[in-house]
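Chain by chain, the residues run as shown.
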Amino acid sequence: SALSNCQIFFQTYASAARATGSKSVIEIGSQDVNGNLRSAIPADFTYTGVDFAIGRGVDVVLDDPYVLPFEDESVDVVISSSCFEHSEMFWIVFLEVLRVLKPHGLFYLNVPSNGQFHQHPVDCWRFYPDSGGALVTWARRNGVPAVLLESYVSEQVRAPWNDFVAIFLKNEAFLPAFPARILDSKRDFTNGRRHGHEGLIRHMEKTEDLRKLSWIPKFLRSRRGFR
């Protein structure tokens, strides 16, 4: 699901990014433990994988996990998947992402919304549907006019994980440059947010795990001999 969500991101936003001259991509947390996102990058984009440890898929090793070794406003697109939950202070990393992004730059974030405890080396956070808006509030409190273009919680795919996916634009002045949204065509999600749309799209209070669990008593009652 992490790879497919990133592929959908580039399918939706790559053309508009090219129109702004955007071609450079940085992946935060690129070490290939269970794969990384390099294969999702369009061929005409340049890719740099960064991580705080040496490993397969890592081009730049960070001396400090909260400092990205790139100049201000020098990067077009930053992507990160299954990484922020392992950052003790992900909000600092978020501000670093905004610092290195160009004003028209995009940040694609994919983080677990549920799932088992897994330390690499720590596992601290899960993200709910309001998390994207909270990060925008944090950005604006720090003087960055960021905007949440869209977010959603994707459905499970052959695993007990639901991904929280959010796409941020560094400067709201560039909103007209990015008219398309993943949620314009995607259907397998819950609790989506789309810039300009009030409230949640496909609002669901129960998580997918809880919805599945609620069917167990009904299933058992349908079995012969169950009382």
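Refer to the structure printed above.
This text gives an overview of the structure that appears in the document. Worth saying up front: this structure is predicted, and the values here are computed from it rather than measured. (Residues numbered from 1 in each chain as written. Predicted model: local features only at pLDDT ≥ 70, side-chain atom pairs only at ≥ 80, totals over all residues. Heavy atoms only, no water.)

Here's the deal with the overall build of the chain
- Looking only at helices and strands, the chain has 5 helices and 8 strands in total.
- Across the chain, helices and strands are ordered from the amino to the carboxyl terminus as α-β-β-β-β-α-β-α-β-β-β-α-α.
- Viewed in the frame of its principal axes, the chain has a C-alpha envelope of about 70 × 40 × 35 Å.
- When burial is assessed residue by residue, the chain has 46% of its 227 residues classed as buried.
- Partitioning the contacts of the chain with sequence separation of at least 6, the portion at a separation of at least 24 is 65%.
- Accessible area of the chain: about 11700 Å², with a carbon and sulfur share of 55%. (Helix = DSSP H or I, 4+ residues; strand = E, 2+ residues; numbered from the N terminus. Buried < 20%, exposed > 50% of the residue type's maximum accessible area, 1.4 Å probe, protein only. Contact = heavy atoms within 4.5 Å. Areas by Shrake-Rupley, 256 points an atom, 1.4 Å probe, with all protein chains shown as cover.)

Thoughts on the environment of Val147
- For Val147, the location among the structural elements is in strand 6 (residues 147-154).
- Each C-alpha atom, one on Val147 and one on Thr137, is 9.1 Å from the other, the two residues being 10 residues apart in sequence.
- Those residues in contact with Val147, other than ones at most four positions away along the chain, are Val136, Ile167, Phe168, Leu169, Glu172, Leu175 and His195.

Section: the pattern of salt bridges
- Applying the stated criterion to the full structure yields 13 salt bridges.
- Two residues, Asp44 and Arg18, come together in a salt bridge whose shortest N-O distance is 2.7 Å. Within this pair, whereas Asp44 is found in the loop between strand 1 (24-28) and strand 2 (46-51), its partner Arg18 is found in helix 1 (residues 2-19), the two being separated by 26 residues in sequence.
- By relative accessible area, Arg18 is classed as partly exposed at 33%.
- One network of salt bridges, with partners in common, ties together Arg18, Lys23 and Asp44. (Salt bridge = Lys/Arg side-chain N within 4 Å of Asp/Glu carboxyl O.)

Here we look at unusual backbone geometry
- One non-glycine residue, Ser82, adopts positive backbone phi at about 55°.
- Here Ser82 lies in the loop between strand 4 (75-81) and helix 2 (90-100).
- Here Ser82 falls in the partly exposed class, since its relative accessible area comes to 38%.
- Even without a glycine there, the phi angle at Arg202 is positive, about 55°.
- Counting through the fold element by element, Arg202 comes out in the loop between strand 8 (189-194) and helix 4 (208-213).

Here we look at the sheet that holds strand 7 (residues 163-169)
- Across the sheet, which stays open at both edges, the 8 strands sit in the order 3-2-1-4-5-7-6-8 with mixed pairing between neighbours. Of all the strands in the sheet, just strand 3 (60-61) and strand 8 have a single pairing partner and so form its edges.
- Strands in contact with helix 2 are strand 1, strand 4, strand 5 (101-112) and strand 7; relative to strand 5, the strand with the most contacts, it is inclined by about 150°. (Pairing = 2+ DSSP bridges. Axes fitted to C-alpha atoms, helices over the stretch in contact; angles between N-to-C directions.)

So, the pairing of strand 5
- Of all the 12 residues making up strand 5, 10 are buried; the element is thus mostly covered by neighbouring parts of the structure.
- A crossover links strand 4 with its parallel partner strand 5, the connecting element being helix 2, and its sense is right-handed.
- Where strand 5 and strand 7 come together, 7 bridges link them in antiparallel fashion. Bridging from a neighbouring strand, Val111 pairs with Phe164 of strand 7. (Right-handed = clockwise from strand over helix to strand, strands pointing away.)

Section: the layout of surface pockets
- One number sums up the size of the largest pocket: a volume of about 1100 Å³.
- If you list the elements that add at least two residues to the lining of the largest pocket, you get helix 1, strand 1 and strand 5.
- Tallied by class, residues from the lining of the largest pocket come to 19 nonpolar, 15 polar and 5 charged.
- Approximately 240 Å³ is the volume attributed to the second largest pocket.
- Lining the second largest pocket are 17 residues, and of these Ser113, Val153, Asn191, Lys206 and Thr207 lie nearest its centre.
- With 3 residues, helix 4 is the largest single contributor of residues to the lining of the second largest pocket.
- The residue inventory of the lining of the second largest pocket, partitioned by class, reads 5 nonpolar, 7 polar and 5 charged. (1 Å grid on protein atoms, 1.4 Å probe; cavity = no way out; pocket = protein on both sides within 12 Å on 5 of 7 lines; lining within 4 Å. Points joined across faces, edges and corners; volume = space filled by probe spheres on them. Nonpolar A, V, L, I, M, F, W, Y, C, P; charged D, E, K, R; others polar.)

Examining the side chain of Glu208
- Tracing the backbone shows Glu208 in helix 4.
- For Glu208, the side chain forms a polar contact with the main-chain nitrogen of Gln156, separated by 2.9 Å.
- Here Glu208 is in contact with Glu155, Gln156 and Asn162, once residues within four sequence places are set aside. (Polar contact = N/O pair within 3.5 Å; in protein donor to acceptor, adjacent residues only side chain to side chain.)

So, to be careful, I would describe these as geometric facts and stop short of saying anything about function.
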